[in-house]
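Secondary and tertiary structure notes
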Amino acid sequence: MPDQSNAPADSKIQSVSAHLKSLQDEICTALEVQDGQARFRRDEIPRDGGGLSRPRVLEGGAVIEKAAVNFTHTLGHQMPPAATQRRPELAGGTYQAASISLIVHPQNPYAPTSHANFRCFFAQPPAEAKTAEPTWWFGGGFDLTPYYGFEEDAIFWHQTAKNACTPFGVDLYPRFKKACDEYFFLPHRQEPRGIGGLFFDDFDEGGFDSAFSFVRRVSEAYLEAYMPILEKRKGQPFGDRERDFQLYRRGRYVEFNLLLKAAKEETDRLRAEVSTRR
């Protein structure tokens, strides 16, 4: 990858967007091959200001009940509140964001659900700010939710995640695994949503080139971790009992998204508000 340390923000965000669009294509193709029957519905929707949304959805396949793999490039004239909670000095600034977010729900209860997202923000401070230097950061990760657990799958999943992180620092995997375990924990049930994986946010360590290289490697590791597990479990025999249990356990996703995710975001907002008053 060419050195982009001193490249303008537009050039950097375009590089990130190109990688994420390529990753979206690769993931969709791999899932279609695994399914062998269904195909993703592909749309391209221009966004205000020159951005782009590429939602892709696969439904009712032989192997995959439903999957969504969405890419978005957004340009905005004012930073959204969620992005300025930890950086109030950016409020009122312009921004660009590129992201990919995906979820895969297989038909077979023995095949786990997987989730991943990777994103990059570039923010230009408002004119009255003390510095005119743009700010950037990465976030993302991937996690696995089995309905019937297999120890060998869990070991393989986490070893693949660790192998992707270790060349960039031996501390990254334990840090980001711990963050994932904490983020996807259901406190009212005192249980995790799944077996975790990696989760990171506000990541800018080592400068842009190093951070982007890390995100590229981890994002590529998602398929390396998930495809062998899906391939192994998609044909395992199951009946109504297993299917009913799978649907019951999927309710944990609803609980997290409707209850905990909103609560976490509100907590972050309140913390940021308190910190700005000190």
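Up top you'll find the structure we're talking about.
Residues numbered from 1 in each chain as written. Predicted model: local features only at pLDDT ≥ 70, side-chain atom pairs only at ≥ 80, totals over all residues. Heavy atoms only, no water.

Comments concerning the overall build of the chain
Looking only at helices and strands, the chain has six helices and 11 strands in total. Expressed as a percentage of the 278 residues in the chain, the buried residues total 47%. Restricting to contacts in the chain with at least 6 residues of sequence separation, those with at least 24 account for 68%. Accessible surface, the chain as shown: approximately 13,800 Å² in total, 52% of it carbon and sulfur. (Helix = DSSP H or I, 4+ residues; strand = E, 2+ residues; numbered from the N terminus. Buried < 20%, exposed > 50% of the residue type's maximum accessible area, 1.4 Å probe, protein only. Contact = heavy atoms within 4.5 Å. Areas by Shrake-Rupley, 256 points an atom, 1.4 Å probe, with all protein chains shown as cover.)

A closer look at the nonpolar core
By size, the foremost hydrophobic cluster in this structure holds 53 residues, and its most contacted members are Ile27, Leu31, Phe118, Phe138, Phe142, Phe214 and Tyr222. Ranked by residues supplied to this core, first place goes to helix 5 (residues 208–233) with 14 residues. Each residue touching isoleucine 27, except ones within four places of it in the same chain, is listed here: Val69, Ile100, Leu102, Tyr222 and Leu223. (Core = buried A, V, L, I, M, F, W, Y, C linked by side-chain atoms within 4.5 Å.)

Digging into helix 3 (residues 151–165)
Note on helix geometry: an α-helix contains 3.6 residues per turn, so any two residues three or four positions apart are oriented the same way. Along its 15 residues, helix 3 runs 21 Å from first to last C-alpha, staying within 8% of the 21 Å computed at 1.5 Å per residue. Residues Asp153, Trp157, His158, Thr160, Ala161, Ala164 and Cys165 constitute the buried set of helix 3. When helix 3 is viewed along its axis, its buried side chains cluster within an angular range of 150 degrees and face the same direction. Facing away from the buried side of helix 3, by more than 90 degrees, are the exposed residues Glu151, Glu152 and Ile155. Where the residues of helix 3 are buried, they touch strand 8 (135–145), helix 4 (172–183), strand 11 (196–203) and helix 5. (Expected span 1.5 Å × (residues − 1). Arc of directions from axis to C-beta.)

Notes on empty space enclosed by the protein
Applying the stated rule across the entire model yields one cavity of 30 Å³ or more. When its volume is computed, the largest cavity comes out at roughly 30 Å³. Those elements giving two or more residues to the lining of the largest cavity turn out to be strand 7 (113–124), strand 8 and strand 11. With four residues, strand 8 is the largest single contributor of residues to the lining of the largest cavity. Broken down by class, the residue content of the lining of the largest cavity amounts to four nonpolar, four polar and one charged. (1 Å grid on protein atoms, 1.4 Å probe; cavity = no way out; pocket = protein on both sides within 12 Å on 5 of 7 lines; lining within 4 Å. Points joined across faces, edges and corners; volume = space filled by probe spheres on them. Nonpolar A, V, L, I, M, F, W, Y, C, P; charged D, E, K, R; others polar.)

What to know about the packing of aromatic side chains
All chains considered together, the criterion is met by 25 aromatic pairs. Between phenylalanine 138 and phenylalanine 208, the aromatic rings sit 5.8 Å apart at their centres with planes inclined by 35 degrees, giving tilted as the arrangement. Of this pair, phenylalanine 138 sits in strand 8 while phenylalanine 208 sits in helix 5, and the two are 70 residues apart along the sequence. One exposure class covers both phenylalanine 138 and phenylalanine 208, and it is buried. Measuring from centroid to centroid gives 5.0 Å for phenylalanine 203 and phenylalanine 214, while their planes differ by 45 degrees, and the two rings are tilted. A residue pair is termed long-range when its members are at least 10 positions apart, and phenylalanine 203 in strand 11 and phenylalanine 214 in helix 5 qualify at 11 residues. Of the two residues examined, phenylalanine 203 and phenylalanine 214, each falls in the buried class. Aromatic rings pair up to connect Tyr110, Tyr148, Phe150, Phe245 and Tyr248 into one cluster. Over the ring of phenylalanine 212 we find arginine 216; its NZ or CZ atom is 5.5 Å from the centre of that ring. One Lys or Arg, arginine 233, reaches over the ring of phenylalanine 150 and ends 3.6 Å from the middle of that ring. (Phe/Tyr/Trp six-rings, centres within 6.5 Å; stacked < 30°, edge-to-face > 60°. Lys NZ or Arg CZ within 6 Å of the ring centre and 35° of its normal.)

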